[in-house]
Amino acid sequence: MELQVMILDDEYIILDGLCSFPWSDYGYRISATARNGLEGLEKLEQAKPDLILTDVKMPGMDGLDFAEKAHEIYPNAVIVILTGYDSFAYAQKAISIGVEEYLLKPVDYDELKAMAARIAGEIHARKEKQQEIRDLKKYFNRSVPQLRSKFAGNLLYGRIQGKGVVKEQAESLNLTIEKYIVCVGRKVVGENKIHTGDKWIEEFACINIFEEIFNDFGIHVLSDYNTATAEYNFILLFEKEEENAVCMEKALQACSKIQVEVERYLKAHMNFGLSDVEVDEYQANAQYRKAQTACRQCVYLGTNIILRYEDLQYEKQTDFVITSGEKTHFMMTLFQDSFEKAEDELHQMFRNAPEDVSPVKFAAMDLLLGCMKFPYICAVDSEIHNKNWNLSVLQDGIKRICQCENTEEVLNCLLNLFGTLIKQNTEGTDERNRKLVQSVLSYIEKNYSGDLSMDDLTEKFHVSRTYISRLLKKYAGKSFLEYLTDVRFQQVEKLIADNKYKQYEIAEMVGYKDFGYYIKVFKKRYGITPNEFRKHI
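Q: Can you walk me through the pattern of salt bridges in this structure?
A: One side chain can pair with another of opposite charge once the charged atoms of both are near each other. Tallied over the entire structure, the rule returns 22 salt bridges. Of the charged contacts, one joins D366 and K327 as a salt bridge, the two residues approaching to 2.6 Å between their closest N and O atoms. Of this pair, D366 sits in helix 12 (residues 357-378) while K327 sits in helix 10 (residues 324-337), and the two are 39 residues apart along the sequence. Notably, a salt bridge pairs D486 with R525, separated by 2.9 Å at the nearest N-O pair. Of this pair, D486 sits in helix 18 (residues 480-498) while R525 sits in helix 20 (residues 515-526), and the two are 39 residues apart along the sequence. Accessibility expressed as a relative area gives 13% for D486, which makes it buried. Several salt bridges converge on common partners, so that one network encompasses D9, E11, D55 and K105.

Right, here's the structure in full:
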């Protein structure tokens, strides 16, 4: 694609000279010329320049004023100032208004050629980058509905760790969560159940219909369908200024309308559970559990029930849950970062713990179990698998947590237990690594005659090339190729000493399919040819 160049100069000779420059050789075409800034502004929109060359001193409007206005209209255009030695101060000022280059008069054609080629490359690179960004945005915009659904699920199920991350993801999806209600719905199907193969179609259709109904009541909605529980989950979004009672009334009316439509078209019933009205988006997981509790309570009350969490009649138990996102992040910090950072995260997770220590204990036990499993399930499933993981820490930990009387004691207990886990996870590392290296070396010694590669080792021992290379250097003092070569040439020396085989046969017997390469490696290793080596034995 040709680049558009615009040239401004009040001196006809200079203007004509610049126009006669072979711009096409560098991928340009002249889209406009002008004798001053005012004329240039008139032609600017039609010219759509990628590159502007403008003199500084021109009548009517000088080059700097024109450059400033052109930069505002076409910020991506490269502007080059043409100036004489006596007006160099103008060129310095030009930097502040977006001018990127300057050429001294009289213009040196070699310098102009070099500049034209370089700027063309830079403009094309920038256009390609901009196109990539546009393509990414286009793809992103097409994916927004699916991404919003995924975001809703992650938010409801507590997979996102940290308020900052929630806000960042919401902003990237152009979402503003100021006030919301979590709604959980479950379809109660009678005898006329839909065919299993069509279930996905029905669920997808239902979500779209439900969203339309919520929208009819002025409610923006984020949707998620939980296949494991067969529940429809919605985050109903409201303006911050709307009164809580109005928000709840809209939600109730919309759910009631959905029940009517489901019964009319699907011959089924819908039960709904509604959470409290909430303003903190990071509490979505807690509100989801409330809505889910209310929805599941409907089974004892009948069908086509809408139940608010605040309407539940039984005495509510104090609830304290560490989300899956918080747990995962904590475990990664504990085992891969530092114990000090993990300690800070632990206190953050329990900062809003209730006075009732019972739910705190259950949350602590759940966290301990997760941390206990983490190193075990991440252990390499091979000959060095850690089979001696001490599970008694879990049994002892649960007993000690049960004896705690307050949250502070629970935290201190957890910190002691996690310290034990870290010690247990690391104290056998050196021994395990040595065993792995010995297994790798033994494997090389047994299989040196084949077409052995690092990929064979990674497949055999289920660890990465980088990890094997690092361990071999540390514990064997050699790289894979160095050790393989040593093993092969130990056999080469024995076979040459036996004096039973020709050199090409020896090469094949130790794993060298390319005889020329075998000779090259031999000479590099011993400084002589194989035949000369035989004479010295």
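Q: Help me understand a nonpolar patch on the surface in this model?
A: On the surface, a cluster of nonpolar side chains totalling about 380 Å² of accessible area is made up of V299, Y300 and L301. If you trace the backbone, L301 turns up in the loop between helix 9 (284-297) and strand 10 (306-308).

Q: What exactly am I supposed to notice about the pairing of strand 1 (residues 3-8) here?
A: Along a regular strand, successive side chains alternate from one face of the sheet to the other. Strand 1 sits mainly inside the fold: six of its six residues count as buried. Residue alternation in strand 1 divides its side chains into two sets, L3, V5 and I7 and Q4, M6 and L8, and both sets are buried. In the sheet, strand 1 pairs with strand 3 (residues 51-55) via four bridges, with the strands oriented parallel. Across the sheet, the residue bridging to V5 is L51, located in strand 3.

Q: What is the right way to read the sheet that holds strand 9 (residues 268-274) from this model?
A: Adjacent strands of a sheet form backbone hydrogen bonds with each other and so pair up, either parallel or antiparallel. In spatial order, the strands read 7-8-6-9-10; together these five strands make up an open sheet with mixed pairing. Looking at which strands have only one partner, the edges of the open sheet turn out to be strand 7 (220-226) and strand 10. With direction set aside, neighbouring strand axes in the sheet form an average angle of 20°. When strand 6 (residues 179-189) meets strand 9, the two strands line up antiparallel, connected through seven bridges. Paired with V188 across the two strands is H269, which belongs to strand 9. Here helix 5 (residues 109-156) sits on the sheet in contact with strand 6, strand 7 and strand 8 (231-238), set at roughly 75° to strand 7. In the packing of helix 8 (residues 244-266) onto the sheet, the strands contacted are strand 6, strand 8, strand 9 and strand 10, and the crossing angle to strand 9 comes to about 165°.

Q: Is there a simple way to think about the environment of Q297 in this case?
A: Tracing the backbone through its elements, the reader meets Q297 in helix 9. Here Q297 falls in the partly exposed class, since its relative accessible area comes to 26%. A C-alpha to C-alpha distance of 8.1 Å links Q297 and L307, two positions 10 residues apart in sequence.

Q: What am I meant to see in the environment of S449 here?
A: Of note, S449 is situated in the loop between helix 15 (429-447) and helix 16 (454-461). For the pair S449 and I401, spaced 48 residues apart in sequence, the C-alpha separation works out to 58 Å. Ignoring anything within four residues of it in the chain, the contact list for S449 reads E508, M509, V510, G511 and K513.

Q: I would appreciate a short explanation of the environment of I219 in the present structure.
A: By secondary structure assignment, the location of I219 is in the loop between helix 7 (199-216) and strand 7. Residues I219 and L236 lie 17 residues apart in sequence; the distance between their C-alpha atoms is 6.2 Å. Those residues in contact with I219 that sit more than four places away from it in its chain are F214, L236, L237, F238, K250, A251 and A254.

Q: Help me out: how do you make sense of the side chain of T485 in this one?
A: Tracing the sequence through the fold places T485 in helix 18. Overall, the relative accessible area of 14% leaves T485 in the buried class. Those residues within four positions of T485 in sequence are excluded, and the remaining contacts are Y512, V521 and R525.

Q: Just to check I follow, could you spell out the packing of aromatic side chains for this structure?
A: The description of two aromatic rings rests on the distance between their centres and on the angle between their planes. Applying the stated criterion across every chain, the model contains 24 aromatic pairs. Ring geometry for F522 and F533: centres 5.6 Å apart, planes at 85°, overall edge-to-face. Of this pair, F522 sits in helix 20 while F533 sits in helix 21 (residues 530-535); the two residues are 11 residues apart in sequence, bridging distant segments of the chain. Exposure class is identical for F522 and F533. Each is buried. In this structure, R488 is placed above the aromatic ring of Y512, and the distance from its NZ or CZ to the ring centre is 4.9 Å.

Q: What exactly am I supposed to notice about unusual backbone geometry here?
A: Note: most peptide bonds trans; most residues except glycine with negative phi. The omega torsion of the bond from K105 to P106 falls at -10°, within 30 degrees of zero and hence cis. Structurally, P106 can be placed in the loop between strand 5 (101-104) and helix 5. Positive phi, close to 60°, is recorded for N174, a residue that is not glycine. On the secondary structure map, N174 appears in the loop between helix 6 (163-172) and strand 6.

Q: Sorry, what's going on with the packing of helix 16 against helix 17 (residues 465-476) here?
A: Interhelical geometry of helix 16 versus helix 17 gives an angle of 100° and a closest axis separation of 9 Å. Taken as axis vectors, helix 16 and helix 17 run roughly perpendicular relative to one another. Where helix 16 approaches helix 17, its residues M454, D455, L457 and T458 are matched on the opposing element by R465, I468 and S469. Here the contact of helix 16 with helix 17 is composed, by residue class, of three nonpolar, two polar and two charged.

Criteria and thresholds
Residues numbered from 1 in each chain as written. Predicted model: local features only at pLDDT ≥ 70, side-chain atom pairs only at ≥ 80, totals over all residues. Heavy atoms only, no water. Salt bridge = Lys/Arg side-chain N within 4 Å of Asp/Glu carboxyl O. Helix = DSSP H or I, 4+ residues; strand = E, 2+ residues; numbered from the N terminus. Buried < 20%, exposed > 50% of the residue type's maximum accessible area, 1.4 Å probe, protein only. Patch = residues over 30% accessible without salt bridge, like charges linked within 9 Å, V, L, I, M, F, W, Y side chains within 5 Å. Areas by Shrake-Rupley, 256 points an atom, 1.4 Å probe, with all protein chains shown as cover. Pairing = 2+ DSSP bridges. Axes fitted to C-alpha atoms, helices over the stretch in contact; angles between N-to-C directions. Contact = heavy atoms within 4.5 Å. Phe/Tyr/Trp six-rings, centres within 6.5 Å; stacked < 30°, edge-to-face > 60°. Lys NZ or Arg CZ within 6 Å of the ring centre and 35° of its normal. Parallel < 35°, antiparallel > 145°, perpendicular 65-115°, else oblique. Nonpolar A, V, L, I, M, F, W, Y, C, P; charged D, E, K, R; others polar.

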